[in-house]
Structures are given as C-alpha cells and as structure tokens.
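The lines below spell out each chain.
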Amino acid sequence: MDKLPKIGLPIIIILIIAFVLVAKSAVTIDSGYAGVLHTLGNGVDSDEPALGQGLNIIAPWNKVIVYEVRQQEVPEKMSVLSSNGLDIILDASVQYMPDINNLGKLHNEKGETYLTRVLQPAVRSAARSVVGRYTPEQLYSSKRDAIQNEIFEETKKIIDDQYIILKRILIRDVTLPPTIKQAIERKLKQEQESLEYEFRLVTAQKEADKARIDAQGKADANRILSASLNDQILKEKGIEATLRLSESPNSKVIVVGSGDSGLPLILGSN
C-alpha cells in the first residue's frame, strides 16, 4: 500500500504529458480558413498544400499558421494628384483573397502581413498612376467607371506573381477641393440647361414642320378638288342638295328651273 502513491504519481505525470501532446497534435481549422504547417527546424515547406478546414493531426512540436482564404474587403483612402496637379481624395474598397494553392509561398515570401506589405502599396501606386492621367472634371463625373477599371487592371499587373487574388476595386467617393467642385457643378448645370434649351428648340422646329406639312397637304387637297370641279358637276351637286331639301317637312313650293343656272327653286317654309 505504501508503494501505490509512488507508482501512481509517474502514471499521472505521463497521462498529463500524453494529454498535452495529443491536445497540441490536434488542430482544428474553421470554415473559410486554411493553414500552413510550420515544422520544427525546417519552417514552412512552400510546396506543401495548405491544411484545410476541420481537424488536422500534426506532430506536437510543429505548429499551424492560419490564414483567412475567403474573400475579404479593406477600405482604402488615398490622396492622389490629378493631371493638372490638384489634390484628390479617393475613397475605395479593395476586395481580395490569398491564393490558397500557393499559401506556403505567400507565407514564406510575403508573410502574414501581406496586405500592408504588398496589396495596399500596389493599390496606391496604381491609383496615383491612373488618376494622374485625368482632370478633376473627368474624375468627378463621366470617367469614374473607367478610372475604377484602370486602377484594378494596374494593380493586378503589380501583384500578378505575389500569390494574391484581386477580385475588384470599387471607387466609393471622389473628394475634390471645394472651389473646384463648385465650378464643375456650375458647368454641369449650364451644360444641362443648354441641352434642355436645344431640345426645346428641336421640338418646336419639329412641331412647326408638322404644321407646315399639314397646311401644305390641305392646300394641295383643295387645289386638286377645285381643279376637278366643273359646271356640270356643280349643277348635279346642286340638284342633289335641292332634292334633299325638298324632302324636308318645312318645304312648301318647288319651282323647277327657276333658280340660277336652271336649278330648282324652293319657296315657302313653316
């Protein structure tokens, strides 16, 4: 009985050590993340595939460095110069994700801070290069989508071999110096008013043309009708009209051949 505590203590220690080793060997990676295995003495093997989500068993003396591999977004506010040297503030959003197929290379060459080391400097460099080609007016109005696409393409070229997947860059806002913004807004308003005035002129011209065409059509119709009428036709039309009048209950006396040109004459009415 005296020997039992002496035997039990080493067993308890062994069990504790075994539990700690097992706990350190089991690594759970959450959904949307992946890990690179850092081995003792050798570091991270760039050619080894990343560890996927779920339970992973590793040697207790190794460790796993976890990266988020789903799409991420980072806001980026940049001060850049336009083509005429004015200071412009771009408020953008950068959507990206690490290349899971090259996660080991990303870790070894860029590190966990690849966002601030690689991606953000690339976006800022591309933005300065692109914005420098445009005037403040183009940045503020018509060319914003084109500038957004150009910044995206320029950034992709810079990070093409950096193991980062760039999804898109969105320009959320362009802030100009107040005086420049007001001048552009006045100019745009004047252009809009000019377009509206031109539209009214064109509309009025079209209405005038339509009225002139209608009047010309009526004049042509009357001329054709006048040219087609002769004395005989007029007499026949007069007789027809007189006969219709004679059928009226108000008619009293009809004198045939007593009117002008020999047309019947109707006398008397109620």
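Computed from a prediction, not measured in an experiment: that's the story for all the values here.

Conventions and cut-offs
- Residues numbered from 1 in each chain as written.
- Predicted model: local features only at pLDDT ≥ 70, side-chain atom pairs only at ≥ 80, totals over all residues.
- Heavy atoms only, no water.
- Helix = DSSP H or I, 4+ residues; strand = E, 2+ residues; numbered from the N terminus.
- Buried < 20%, exposed > 50% of the residue type's maximum accessible area, 1.4 Å probe, protein only.
- Contact = heavy atoms within 4.5 Å.
- Areas by Shrake-Rupley, 256 points an atom, 1.4 Å probe, with all protein chains shown as cover.
- Expected span 1.5 Å × (residues − 1).
- Bend = angle between axes of the 7 residues up to and from the residue.
- Pairing = 2+ DSSP bridges.
- Axes fitted to C-alpha atoms, helices over the stretch in contact; angles between N-to-C directions.
- Core = buried A, V, L, I, M, F, W, Y, C linked by side-chain atoms within 4.5 Å.
- Salt bridge = Lys/Arg side-chain N within 4 Å of Asp/Glu carboxyl O.

### What about the overall build of the protein chain?
Stage number 1. If you tally the helices and strands in the protein chain, you get seven helices and 10 strands.
Stage number 2. Within the span of the protein chain, comprising 270 residues, buried residues form 27% of the whole.
Stage number 3. Partitioning the contacts of the protein chain with sequence separation of at least 6, the portion at a separation of at least 24 is 64%.
Stage number 4. Entry remark: accessible area of the protein chain is about 18,100 Å², with carbon and sulfur atoms responsible for 56%.

### A look at helix 3 (residues 114-131)
Stage number 1. With 18 residues, helix 3 ought to run about 26 Å at 1.5 Å a step, and its terminal C-alpha atoms sit 25 Å apart, in line with that.
Stage number 2. A bend of about 25 degrees at glutamine 120 is the largest found in helix 3, and the proline proline 121 appears one to four places after it.
Stage number 3. Residues of helix 3 that are buried: Tyr114, Leu115, Val118, Leu119, Gln120, Ala122, Val123, Ala126, Ala127, Val130 and Val131.

### Digging into the environment of tryptophan 61
Stage number 1. Here tryptophan 61 lies in the loop between strand 4 (54-57) and strand 5 (63-68).
Stage number 2. Classification of tryptophan 61 as exposed rests on a relative accessible area of 58%.
Stage number 3. Considering only alpha carbons, one finds tryptophan 61 and histidine 38, 23 residues apart in sequence, at a separation of 9.4 Å.

### Here's the deal with the sheet that holds strand 8 (residues 164-175)
Stage number 1. Sheet architecture is open: three strands sit in the order 6-7-8, paired in antiparallel fashion. Looking at strand neighbours, the two that pair on one side only are strand 6 (72-81) and strand 8, the edges of this open sheet. For this sheet, the mean angle separating the axes of adjacent strands, direction not counted, is 25 degrees.
Stage number 2. With 10 bridges joining them, strand 6 and strand 7 (residues 87-98) adopt antiparallel strand pairing. By the bridge assignment for strand 7, leucine 81 is matched with aspartate 87.

### Points about the nonpolar core
Stage number 1. Counting 39 residues, the largest nonpolar core has Leu90, Leu119, Ile151, Ile164 and Ile169 as the members making the most contacts within it.
Stage number 2. Of all the secondary structure elements, the ones that give two or more residues to this core are strand 2 (33-39), strand 5, strand 6, strand 7, helix 2 (103-109), helix 3, helix 5 (144-158) and strand 8.
Stage number 3. In terms of residue count, the dominant contributor to this core is helix 3 (10 residues).
Stage number 4. In this structure isoleucine 169 touches Ala92, Ser93, Val94, Val123, Gln148, Ile151, Phe152 and Thr155, once residues within four positions along its chain are discounted.
Stage number 5. Membership of the second largest hydrophobic core comes to five residues, among which are Val27, Ile29, Leu51 and Val64.

### Focus on the pattern of salt bridges
Stage number 1. Under the defined criterion, the tally for this structure stands at five salt bridges.
Stage number 2. As a salt-bridge pair, glutamate 68 and arginine 70 come within 2.8 Å of each other at their nearest N and O atoms.
Stage number 3. Judged by relative accessible area, which is 24%, glutamate 68 ranks as partly exposed.
Stage number 4. Residue glutamate 150 pairs with arginine 133 through a salt bridge whose shortest N-O separation is 2.9 Å. One end of the pair, glutamate 150, is in helix 5; the other, arginine 133, is in the loop between helix 3 and helix 4 (136-140), and 17 residues separate them in sequence.
Stage number 5. By relative accessible area, which is 44% here, arginine 133 ends up partly exposed.

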